[in-house]
Amino acid sequence: MPETDRPPRLRSLDALRGFDMLWIVGLAAFFRHLAEATGSAPLVAWAQQLEHVPWEGLRAYDLIFPLFMFLSGVAIPWSLGARRDRGVSRAKLAAGILRRVALLVVLGLVYNGLFELRLDTLRVASVLGQIGMAYGIAALAWVMIPATKGRIAVMAGLFVAVAILQLWVPVPGHGAGVLTPEGIVNGWIDRHLLPGKLYGGSFDPEGILCFVSAAVLPLAGAFAGERLRRSPQSHFRNAARLAAAGVLAILAGWGCQALGYPPIKAAWTGTFNLYAGGISLLLLAGFHLAVDLPRPNWSFPLQVVGMNPLTIYLLARIVPFPEIATFFSGGAARLTGDFGPAVIDLTTLLIEWLLLWFLYRKRLFLRV
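Residues numbered from 1 in each chain as written. Predicted model: local features only at pLDDT ≥ 70, side-chain atom pairs only at ≥ 80, totals over all residues. Heavy atoms only, no water.

(A) Representation of the packing of aromatic side chains in the model. Using the criterion set out here, one finds 13 aromatic pairs in the structure. Relative to Tyr 313, the ring of Tyr 111 lies with its centre 4.7 Å away and its plane at 10°, an arrangement referred to as stacked. Here Tyr 111 is found in helix H4 (residues 90-111), whereas its partner Tyr 313 is found in helix H13 (residues 309-318), with 202 residues between them in sequence. In this structure Tyr 111 comes out as partly exposed when scored by relative accessible area, which is 23%. Look at Trp 353 and Trp 357: their rings are 6.3 Å apart centre to centre, the planes differ by 10°, and that puts the pair in the stacked class. Of this pair, Trp 353 and Trp 357 are both found in helix H15 (residues 340-361), four residues apart, which corresponds to roughly one turn of the helix. Judged by its relative accessible area of 30%, Trp 357 falls in the partly exposed class. For the cation-ring pair, Arg 317 lies above Tyr 111, with the distance from its terminal atom to the ring centre recorded as 5.0 Å. Lying over the aromatic face of Tyr 360, Arg 363 brings its terminal NZ or CZ to 5.1 Å of the ring centre. (Phe/Tyr/Trp six-rings, centres within 6.5 Å; stacked < 30°, edge-to-face > 60°. Helix = DSSP H or I, 4+ residues; strand = E, 2+ residues; numbered from the N terminus. Buried < 20%, exposed > 50% of the residue type's maximum accessible area, 1.4 Å probe, protein only. Lys NZ or Arg CZ within 6 Å of the ring centre and 35° of its normal.)

(B) Structural view of a nonpolar patch on the surface. Residues Val 247, Leu 248, Leu 251 and Leu 282 make up a contiguous nonpolar surface patch of about 350 Å² in total accessible area. No other element matches helix H10 (residues 235-258), which puts three residues into the nonpolar patch. Residue placement: Leu 248 occurs in helix H10. (Patch = residues over 30% accessible without salt bridge, like charges linked within 9 Å, V, L, I, M, F, W, Y side chains within 5 Å. Areas by Shrake-Rupley, 256 points an atom, 1.4 Å probe, with all protein chains shown as cover. Salt bridge = Lys/Arg side-chain N within 4 Å of Asp/Glu carboxyl O.)

(C) Broad picture of empty space enclosed by the protein. Inspection of every chain in the model, using the stated rule, returns one cavity of 30 Å³ or more. Estimates place the volume of the largest cavity at around 40 Å³. Taken together, Leu 22, Val 25, Val 305, Ile 312, Leu 349, Glu 352, Trp 353 and Leu 356 form the lining of the largest cavity. Among the elements that line the lining of the largest cavity, the one with the most residues is H15, at four residues. (1 Å grid on protein atoms, 1.4 Å probe; cavity = no way out; pocket = protein on both sides within 12 Å on 5 of 7 lines; lining within 4 Å. Points joined across faces, edges and corners; volume = space filled by probe spheres on them.)

(D) Broad picture of the nonpolar core. Ranked by internal contacts, the top residues of the largest apolar core, which has 74 residues, are Val 74, Ile 76, Leu 80, Leu 128, Trp 268 and Leu 284. When residues in this core are grouped by element, the largest group, 12 residues, is from helix H3 (residues 64-85). (Core = buried A, V, L, I, M, F, W, Y, C linked by side-chain atoms within 4.5 Å.)

(E) Region of interest: the pattern of salt bridges. For the structure shown, the criterion picks out eight salt bridges. Asp 14 is the partner of Arg 17 in a salt bridge, and the nearest nitrogen-oxygen pair spans 2.8 Å. A residue pair is termed a helical-turn pair when its members lie 3 or 4 positions apart in one helix, as Arg 17 and Asp 14 do in helix H1 (residues 11-38) at three residues. Residue classification places Asp 14 among the buried residues on the basis of a relative accessible area of 2%. When the shortest N-O distance is used, the salt bridge between Arg 151 and Glu 226 registers 3.0 Å.

(F) How the structure looks around the side chain of Asp 20. By secondary structure assignment, the location of Asp 20 is in helix H1. Look at Asp 20: it is buried, it has no salt bridge, and the nearest opposite charge is Arg 17 at 8.4 Å. (Lys, Arg positive; Asp, Glu negative; His and termini not counted.)

(G) Inspection of the packing of helix H5 (residues 127-144) against helix H9 (residues 216-230) at higher detail. Where H5 contacts H9, the two axes come as close as 9 Å, and the packing angle between them is 50°. Looking at the two axes, H5 sits oblique to H9. In terms of crossing hand, the pair formed by H5 and H9 is right-handed. Two secondary-structure elements touch here, H5 through Ala 134, Tyr 135, Ala 138, Ala 141 and Trp 142 and H9 through Pro 218, Leu 219, Ala 222 and Glu 226. (Axes fitted to C-alpha atoms, helices over the stretch in contact; angles between N-to-C directions. Parallel < 35°, antiparallel > 145°, perpendicular 65-115°, else oblique. Left-handed = near helix turned anticlockwise from the far one by under 90°. Contact = heavy atoms within 4.5 Å.)

(H) Focus on H3. An ideal rise of 1.5 Å per residue puts 32 Å on 22 residues; H3 measures up with 32 Å between its terminal C-alpha atoms. At Ala 75, H3 shows its maximal bend, which comes to roughly 35°, and the proline Pro 77 appears one to four places after that position. Most of H3 sits inside the fold, with 18 of its 22 residues counted as buried. Looking one or two residues beyond H3, the residue adopting positive phi is Gly 87, at roughly 100°. (Expected span 1.5 Å × (residues − 1). Bend = angle between axes of the 7 residues up to and from the residue.)

(I) Representation of the packing of helix H6 (residues 148-168) against H9 within the structure. Contact geometry for H6 and H9: axes closest at 9 Å, N-to-C directions at 155°. Considering the angle they form, H6 stands roughly antiparallel to H9. When you trace H6 past H9, the crossing you get is left-handed. Contact residues: H6 offers Thr 148, Arg 151, Ile 152, Val 154, Met 155, Leu 158 and Phe 159, while H9 offers Val 216, Leu 219, Ala 220, Phe 223 and Glu 226. Along the lines of polarity and charge, the residues of the contact of H6 with H9 split into nine nonpolar, one polar and two charged. (Nonpolar A, V, L, I, M, F, W, Y, C, P; charged D, E, K, R; others polar.)

Keep in mind these numbers describe shape, not what the thing actually does.
Laid out in structure tokens, this is it:
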């Protein structure tokens, strides 16, 4: 696509996506090792937030994946909207969406070890696959349903349908509303319909019902993205509306939890969607004010990561970045004693960022 034909970029979107990815590729490990080295109570408490909750509840690390999915929805009006405005038909837009979904599912299989050729133990569900499927649902709804009320109906319908399945549909041998790994309806569906290995044994956190429920987040993100695209200069008004929507979603999540419908990321409950969506809206509001206002572009280092998230996600799986970091800073790590692992983490992050910066300078981006 010629540079002049590319849609304008939302800097806060790239920056927040980069901030999100950094926790996956090394920043979380750095703070865990720093907490171990110092024993500082605040750092230890934060390190606990950088571990997934075993089942029910919510920690900061549980928000990384849903935030990325929300941001994939924010991008929908900016990418698909620009193509639509140039006269691209709905059929062509839908075909492109389906190609992207298929490619992400395949890349998810590759990430899970497809090339090991052990199809009997291959995990079919994946993070990339769930991103692709949830994005596909949201993007097709955005393309095919022009009316805002229709899109809201789709989002609400998905929320209600998943809640009904999880709370009121009886699971053989367990009954209805048994929200445990063995008793929840997600697991029953995965065990009967999802081929291959299940990550959780009796269920898969990226299983069939999970990606259906998770589609609520990119749908919500699309509403936020459309708001920002329609009035890109109304920074304070945009941020206020995003923040207000975020607070309302969090309050709704609290209400659902109080009624006995807990937040469970591994099962992607509706309550989890409300909390994750609300916090994502608050973060986007903050980044919109901090990044999109006319001022020096302080967030450029984050944007470098956020413009190539799929690249670093896959390379972190393929390339032994910690071993490369040890080659360069192993001596310094040894001399710093207990802080050695944190030094390796920082070096790993620097190497990853320099690689992404090189790709940015060459205008090389892995996009699907």
